[in-house]
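# Examining the three-dimensional arrangement
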Amino acid sequence: GAVGFTAAEAMADPDRATPHRREKGRPHPSPWLDFANIGPAGAMNVTARELARWIGFHLRGGTTASGARLLSEKNLGETYAPQTVIPFDDATRALYPERVTQTYALGWSRTDWHGELVLTHTGSIDGFRSVLSLMPRRDCGFAVLCNTDGAPSEMVRGYWSDLLVGAPPRDWTAAVGAELRAARDRERRERAERESAARMARRRSTAPLAAHAGTYH
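Residues numbered from 1 in each chain as written. Predicted model: local features only at pLDDT ≥ 70, side-chain atom pairs only at ≥ 80, totals over all residues. Heavy atoms only, no water.

Mapped onto the fold, valine 144 is located in strand E8 (residues 140-146). Linking valine 144 and alanine 48, residues 96 residues apart in sequence, is a C-alpha distance of 9.3 Å. With residues up to four places along the chain from it excluded, the contact list for valine 144 reads Arg129, Ser130, Val131, Ser153, Val156 and Arg157. (Helix = DSSP H or I, 4+ residues; strand = E, 2+ residues; numbered from the N terminus. Contact = heavy atoms within 4.5 Å.)

Attention shifts here to the pattern of salt bridges. If you walk through the whole model with that rule in mind, you get 8 salt bridges. Residue arginine 138 is joined to glutamate 116 by a salt bridge in which the shortest nitrogen-to-oxygen separation is 3.1 Å. In this pair, arginine 138 is assigned in the loop between strand E7 (128-135) and E8 and glutamate 116 in strand E6 (residues 116-125), connecting sequence segments 22 residues apart. Residue classification places arginine 138 among the partly exposed positions, given a relative accessible area of 39%. According to the relative accessible area criterion, glutamate 116 is buried, its value standing at 13%. Its salt-bridge partner being glutamate 154, residue arginine 129 comes within 3.3 Å of it at the nearest N-O pair. Of this pair, arginine 129 sits in strand E7 while glutamate 154 sits in helix H4 (residues 151-165), and the two are 25 residues apart along the sequence. Like glutamate 154, arginine 129 is buried. (Salt bridge = Lys/Arg side-chain N within 4 Å of Asp/Glu carboxyl O. Buried < 20%, exposed > 50% of the residue type's maximum accessible area, 1.4 Å probe, protein only.)

The next subject is the sheet that holds strand E4 (residues 102-104). Pairing within the open sheet is antiparallel, and its 6 strands lie in the order E3-E4-E5-E6-E7-E8. One side of each edge strand has no neighbouring strand; the edge strands of this open sheet are strand E3 (84-85) and E8. Note: E7 against E8, 7 bridges, orientation antiparallel. Paired with valine 131 across the two strands is valine 144, which belongs to E8. The strands touched by helix H1 (residues 48-59) within the sheet are E7 and E8, with E8 carrying the most contacts at an inclination of about 155°. (Pairing = 2+ DSSP bridges. Axes fitted to C-alpha atoms, helices over the stretch in contact; angles between N-to-C directions.)

As a further point, take the packing of aromatic side chains. All chains considered together, the criterion is met by 6 aromatic pairs. Measuring from ring centre to ring centre gives 5.5 Å for tryptophan 113 and tryptophan 172, while their planes differ by 35°; the resulting arrangement is tilted. Here tryptophan 172 lies in helix H5 (residues 172-203) and tryptophan 113 lies in strand E5 (residues 109-113), a separation of 59 residues in the sequence. The same class applies to tryptophan 113 and to tryptophan 172, which are both buried. (Phe/Tyr/Trp six-rings, centres within 6.5 Å; stacked < 30°, edge-to-face > 60°.)

Ranked by size, the top nonpolar core spans 13 residues in total, and within it Leu95, Tyr96, Trp113, Met135, Val165, Trp172 and Val176 carry the most contacts. Of all the elements in the fold, those that place two or more residues in this core are H4 and H5. The contacts of valine 165, once residues within four sequence positions are left out, are Trp113, His114, Glu116, Met135 and Arg138. Among the nonpolar cores identified, the runner-up in size contains 10 residues, and Leu51, Phe57, Ala105 and Trp108 belong to it. (Core = buried A, V, L, I, M, F, W, Y, C linked by side-chain atoms within 4.5 Å.)

A separate point is unusual backbone geometry. Notably, histidine 114 is not glycine yet its phi reads approximately 50°, a positive angle. Topologically, histidine 114 is positioned in the loop between E5 and E6. According to the relative accessible area criterion, histidine 114 is partly exposed, its value standing at 41%. For aspartate 139, which is not a glycine, the phi torsion comes out positive at approximately 55°.

Moving on, we come to H4. The first and last C-alpha atoms of H4 sit 22 Å apart over 15 residues, in line with the 21 Å expected at 1.5 Å per residue. Residues of H4 that are buried include every one of Ala151, Ser153, Glu154, Met155, Arg157, Gly158, Ser161, Asp162 and Val165, and no others. Its buried side turned inward, H4 meets E5, E6, E7, E8 and H5. Glycine 166 sits one or two residues past H4 and shows a positive phi near 75°. (Expected span 1.5 Å × (residues − 1).)

So this is what it looks like as structure tokens:
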């Protein structure tokens, strides 16, 4: 392929990851789903080695490991340029209190990690989650692949990012876990409010109030 990729025969290879879903707080194996009908979203299966080549392609400024240039450094840099401002929400402020900016480029989230430029791209389908992170000024990058929901990948990303920039150690397992619990609590409250509003709507009279006026015995 264009960056030295070979086709990933994931479905045919017995030595492959099995997707998992959570039921009652515990992971359970789940079947592979075919996402070809919504490609390219979720339609690419790759190995860790192939993903490492893709990271190297970016860190080398658009060349393969053998030195072949496939994209000019200028054009590749355009894909990293900010395009859209991403507002900070409560979850972001809780998990990344030191973050200053966050924007969306061309397929990349552009943020900072303790003052260091970070470009990330995440992907998630049923039973799988991936996080790819580049730190161009440090000439390094990494990918975290999980065969379950996003929590473990975010924890690992936090630990690795802190290590690479020399940030003070933080308990990312506790931090991400706390935010997940807070998110579930918010979801439960919002669902209860929606259900309460729906019940109140059903209790309203179908006739106007004036129709109930009269003398009753």
